[in-house]
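Here's the letter readout for the chains.
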Amino acid sequence: MPSRESCTLTDEKQEKVLHETLEQLRYDNSFIRALPADPESRNNLRQVHGACFSRIAPSPVPDPRLIAASPEVAEILGLSPEASRDPAFVEVLSGNRTVQGMAPFAACYGGHQFGNWAGQLGDGRAITLGEVITPNDERWELQLKGAGRTPYSRSADGRAVMRSSVREFLCSEAMHHLGVPTTRALSLVSTGAEVVRDMFYSGRPAPEPGAIVCRVAPSFIRFGNFELLAARGDAELLRKLTDYTIDRHYPWLREDDQGDLYVRFLDEVCQRTARMIVEWMRVGFVHGVMNTDNMSILGLTIDYGPYGWLDDFDPGWTPNTTDAEMRRYCYGNQPRIAHWNLLQLANALHPLVGSAAPMESVLLNYGRRLAQGQQQMMASKLGLRSFRPDSGEDGNQASPDLTLVNDLLQLLHRVETDMTLFYRALANLDVGGHHRVDSDDGPLLAVLRQAYYSPDALAPDYQRDMAAWLRRYVQRLQEDGEGNHERRAGMNAVNPLYVPRNYLAQLAIDQAEQGDGSRLHDLLDVLRHPYEEQAGREAYAARRPDWARDRPGCSMLSCSS
């Protein structure tokens, strides 16, 4: 029986035989074997009841060409670096053919979108090819995004444009190297066909180059899979799906009979979701569309749509134009929205449990774990040995560390400060220096200069307040007694220097739309080592340039794809 570790995303190097074609891989499709299929075989839009998926083949494209491939993901699957040179590689990953063992399908699920129940949604432009058994005996699902219409496409065409496909391919791999739980991406293929999209819903649709990304994960099951069955009152199928999910992805829960199985399942999902959110907050990632149908049951970042990265620190920033007014999914709201989404999952599982009390307790634990995780995360970002908890009788005296962190976050938001560069610069502070209250603020602030978008325009009161905070921070570090070198190494291991900033992704998109993937390859190569300084690649760590502030694709985006 698999352990917890064997069900996580890994790319550990082991002695293994690597194959040169997709046909040589071993396929075993447990999802469609264990769960009921849609009896209707036609590819027409419809409501699908009593089934978890519809069998559907990808639609062919006229002129598929490989733009990029991930050798790391290929190796996980058991493919050699030469596999991407096989003509069949592009044919299969463009949807033009399948190989023996694959059993394509589109999943049926629902979800809450922007807080409102949307009913049946499903894989409207994603088609799973099959599940691969890897050389490490892991099970990974291959899914083509942009592979054509399915019964769940609603009024759409099931296709994807190059810009969204580049962003998904790039960010999937970048997040992995950043240490954030995520789905992965094997390939990016241009289709040779144009797709008409209205990029900002402005009433001016235009043709764009089409593309297909092959994304990879142990599973693409979402909160919405359970929600739809619960909303329809299909308790039998809800139990069958939940039992399959536990047996396939959380088998250790069967070994322990301490408490209700489904409550413990919810608790595992809460733990993984909390960890994912903490990692998002650590690196400055904003998902942009945290609908429940975009929440993975494995706690993975899934469905890269109008995501973004904090250039200047703003807790209220969202990259999604659809969310520009309400800011439901802004950076600072992500922990709270994840809790709301978990509540919807708990509501869906309630028919299997029959009692709300144990599930409410699990959701309370999510809040505690999240708070502890965020505290530990901020301690590591600031180079503290640990986060000192509240003190005093019954913990009624606020933690000085919590006050230190909250004061810093307010300062970061007061002026335009690059979050990524700020923490990297902070690591260079000389803790052994004499930062007296009456000393000059200039040398103390100089270490942070590169993090400000307008360093010469900092107001005197801001400089005074930031210098005062830095002195408090130095004093706190001196209490830990760790040397500059050790602290700096620890901070640089959790504060990335390189992240896939929106404008960098857009520059790669511009080239990819012309059939040139070189800039994408260069950027991905940098992002494979996001915590290490890379000589000659300083431009990839630079602040967002002024020209990118308002350029389409470099700031806010829509859900259009």
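Residues numbered from 1 in each chain as written. Predicted model: local features only at pLDDT ≥ 70, side-chain atom pairs only at ≥ 80, totals over all residues. Heavy atoms only, no water.

**Examining the packing of aromatic side chains**
Note the threshold: Only the six-membered ring of Trp is used, alongside the rings of Phe and Tyr, when aromatic pairs are assigned; centres must lie within 6.5 Å, and planes under 30 degrees apart are stacked while those over 60 apart are edge-to-face, with the rest tilted. Exposure classes here rest on a 1.4 Å probe applied to the protein chains alone. A residue is buried below 20% of its type maximum, exposed above 50%, and partly exposed in between. In this description a helix means any DSSP run of H or I spanning at least four residues, a strand means any run of E spanning at least two, and both kinds are numbered starting from the N terminus. As a reminder, the over-ring test applies to NZ of lysine and CZ of arginine, requiring each to be within 6 Å of the ring centre and within 35 degrees of the ring normal.
Here the structure, examined in full by the defined rule, presents 18 aromatic pairs. An angle of 90 degrees between the planes, with centres 5.5 Å apart, marks the rings of F422 and Y423 as edge-to-face. Judged by relative accessible area, which is 2%, Y423 ranks as buried. Consider the rings of Y503 and W547, whose centres lie 5.9 Å apart with planes at 90 degrees: the pair is edge-to-face. Note that Y503 is positioned in helix 15 (residues 502–512) and W547 in the segment after helix 16 (518–527), a separation of 44 residues in sequence. By relative accessible area, which is 6% here, Y503 ends up buried. In textbook terms, an aromatic cluster arises when at least three aromatic residues are bridged by ring pairs, as seen for W280, F285, Y304, Y307 and W309. Directly above the ring of W340 sits R328, whose terminal nitrogen or CZ lies 4.8 Å from the centroid.

**Observations regarding the pattern of salt bridges**
The test is simple: Every case where a carboxyl oxygen of Asp or Glu lies within 4 Å of a side-chain nitrogen of Lys or Arg is listed as a salt bridge.
Under the criterion given, the structure shown has 40 salt bridges. Put simply, D465 and R414 hold a salt bridge, and the shortest N to O gap is 2.8 Å. With a gap of 51 residues between them, D465 in helix 13 (residues 460–480) and R414 in helix 10 (residues 400–414) connect regions that are remote in the sequence. Judged by relative accessible area, which is 26%, D465 ranks as partly exposed. Between D441 and R471 there is a salt bridge, with the nearest N and O atoms lying 2.9 Å from each other.

**Remarks on the nonpolar core**
Which entries qualify depends on this criterion: By nonpolar core we mean a set of buried residues, namely Ala, Val, Leu, Ile, Met, Phe, Trp, Tyr and Cys, connected to one another through side-chain atoms within 4.5 Å. The contact criterion used is simple: two residues touch if any of their non-hydrogen atoms lie within 4.5 Å.
In this structure, F31, F226, F422, M466 and W469 are the most contacted members of the largest nonpolar core, which totals 139 residues. Ignoring anything within four residues of it in the chain, the contact list for W469 reads L382, L404, D407, L408, L411 and L426. Ranked by size, the runner-up nonpolar core spans 33 residues in total, among them A51, A74, L77 and L186.

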